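What follows is the residue order along each chain.
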Amino acid sequence: MTFLGETSSQTIVNSSSGFIFPNGLIIHDDSGVYFNTSTLVPIRVSNTCDFATLKTRIHNTLQLNDKQFLDEIYYRQSFTDIGNQIRFQCMQLKNDDDVNTMLMCNHKFLCVGPIELLCNIGRTPDRILNLLEGTMTRTHDALLYYNRRWNMPHQNNFVGYAFTGKNPKKNLTFLQDVPSMN
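Note that this is a predicted model, so its numbers are computed, not measured. Within any chain, residue numbers begin from 1 and follow the written order of that chain's sequence. Local features in this predicted model are restricted to residues whose pLDDT is 70 or higher, and side-chain atom pairs enter the listing and the counts only when it is 80 or higher, whereas totals over whole chains, interfaces and linings include all residues. Side-chain measures here rest on the full set of heavy atoms in the structure, leaving out hydrogens and waters.

Bringing the packing of aromatic side chains into the picture now. Here a ring pair, both rings aromatic, is described through the centre-centre distance and the interplanar angle of the planes. Between the rings of Phe, Tyr and Trp (Trp by its six-membered ring), a pair exists once the centres lie within 6.5 Å; its type follows the angle of the planes, with under 30 degrees stacked, over 60 edge-to-face, and the other angles tilted. All told, the structure shown has one aromatic pair when counted by the stated rule. Taken together, a centroid distance of 5.6 Å and an interplanar angle of 70° make the contact between phenylalanine 21 and phenylalanine 35 edge-to-face. Of the two residues, phenylalanine 21 is situated in strand S1 (residues 15–22) and phenylalanine 35 in strand S3 (residues 32–36); the sequence distance between them amounts to 14 residues. Across this residue pair, the class does not change: phenylalanine 21 and phenylalanine 35 are buried. Our definition puts a charge over a ring when NZ of Lys or CZ of Arg is within 6 Å of the ring centre and also within 35 degrees of the ring normal. Lying over the aromatic face of phenylalanine 88, arginine 76 brings its terminal NZ or CZ to 3.6 Å of the ring centre. Put simply, DSSP marks the helices as runs of H or I at least four residues long and the strands as runs of E at least two long, and each gets a number from the N terminus on. Relative accessibility thresholds used throughout: buried, under 20% of the residue-type maximum; exposed, over 50%; partly exposed, between the two (1.4 Å probe, protein chains only).

Laid out in structure tokens, this is it:
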């Protein structure tokens, strides 16, 4: 198993191993929660990490492009219940204090396993618009209005109002003024 960007043994000694669950699911069961995803990505988390560094590390490990961003980061936090059994809960990481809590829990429960982080990856608004535009056919509007007629069935002879491009409350015209749909 190789960790992206690891160059020195000193980094490995002063860090904890972990896994990223990109766009995974949070599943609840008898032991608390667990994460599920189709692809696990290994990561090393520095023992002196802050929130910004962790976010950058995850971003670089997942090799996100400039049109993607980390929307949310969740940690599968271990704890002991009243019966002294190890359980898991989901903790959202939002700041340096949360990351410190994660590192302390991981140090306390070393026997549980590696750090598990679920990351929701978002897309920038420009990227979403580009995806939507890519799925629309260029002939869509031409099919709806062809040869000065609307190619849509009547809806009880009332479709709605035509928008003239001005204040809709002052300049509403009934579709009677629009070319016939017949």
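Right, let's talk about the pairing of strand S5 (residues 68–80) for a bit. Taken together, the seven bridges between S5 and strand S7 (residues 115–123) define a ladder with antiparallel strand orientation. Note that in S7 the partner of phenylalanine 69 across the bridge is glycine 122. Two strands pair under a simple rule: DSSP has to find at least two bridges between them. Looking at chain direction, S5 and strand S6 (residues 86–92) are connected through seven bridges and run antiparallel. The residue bridging glutamine 77 from the neighbouring strand is glutamine 89, located in S6. From the end of S5 to the start of S6, which pair antiparallel, there are five residues, and asparagine 84 there has a positive phi angle of about 65°.

With that settled, consider the sheet that holds S7. Taken in spatial order, the five strands of this open sheet run S4-S1-S7-S5-S6, and their pairing is mixed. Across the chains shown, the open sheet's two edge strands, defined by having one partner strand only, are strand S4 (41–46) and S6. Shown here is a sheet whose adjacent strand axes are inclined to one another by a mean of 35°, direction ignored. Against the sheet, helix H3 (residues 96–108) makes contact with S1, S4, S5, S6 and S7, and its axis sits at roughly 40° relative to S5, the strand it touches most. In this analysis, axes come from line fits to C-alpha atoms, helices being fitted only over the stretch in contact, and the angle between any two N-to-C directions falls in the range 0 to 180 degrees. Throughout, a residue-residue contact means that at least one pair of heavy atoms, one from each residue, lies within 4.5 Å.

Those residues of helix H2 (residues 51–61) that sit buried are Phe51, Leu54, Ile58 and Thr61. Looking down the long axis of H2, one finds its buried residues gathered within 100° of arc, a one-sided arrangement. In the stretch just after H2, glutamine 63 is the one whose phi turns positive, near 55°. Here, the arc refers to the directions that run from the helix axis to the C-beta atoms.

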